[in-house]
Amino acid sequence: MPTIAPEESTAGTALATPRNRRRRLMVIPLALVCALGLVLGYLFLNAKPEPGVPLGASAAVPGGTARVKGIVPLEDDG
């Protein structure tokens, strides 16, 4: 009786297992989350904080200067 040699594992058959397929599919969302984290980190870490302005003081805004004279309360007279 002839003996049957076991199949040799190739790169194609190794990637076809369900466990490896799940691992490959997990790389896509993980890469998207990492890219989103990099973009948000870049945006928030490079933002220049601007100092607040107290009431009555002038502040530089795009197009000139502005002055805050008061705060108008929002009331609900329902």
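These figures come from a predicted structure and were not determined experimentally.

**Overview of the pairing of strand β1 (residues 58-61)**
Inference 1: Bridge count for β1 against strand β2 (residues 64-67) is four bridges, and the pairing is antiparallel. What sits directly across from Val61, in β2, is Gly64.
Inference 2: Between the antiparallel neighbours β1 and β2 lie two residues, among them Gly63 with a positive phi of about 105 degrees.

**Remarks on the confidence of the model for the protein**
Inference 1: Here the protein averages 80 in pLDDT, and 76% of its residues register 70 or above.
Inference 2: When pLDDT is averaged over each helix and strand of the protein, the minimum, 58, is found for helix α1 (residues 11-15) and the maximum, 90, for helix α2 (residues 18-45).

About the criteria used
Residues numbered from 1 in each chain as written. Predicted model: local features only at pLDDT ≥ 70, side-chain atom pairs only at ≥ 80, totals over all residues. Heavy atoms only, no water. Pairing = 2+ DSSP bridges. Helix = DSSP H or I, 4+ residues; strand = E, 2+ residues; numbered from the N terminus. pLDDT = per-residue confidence, 0-100.

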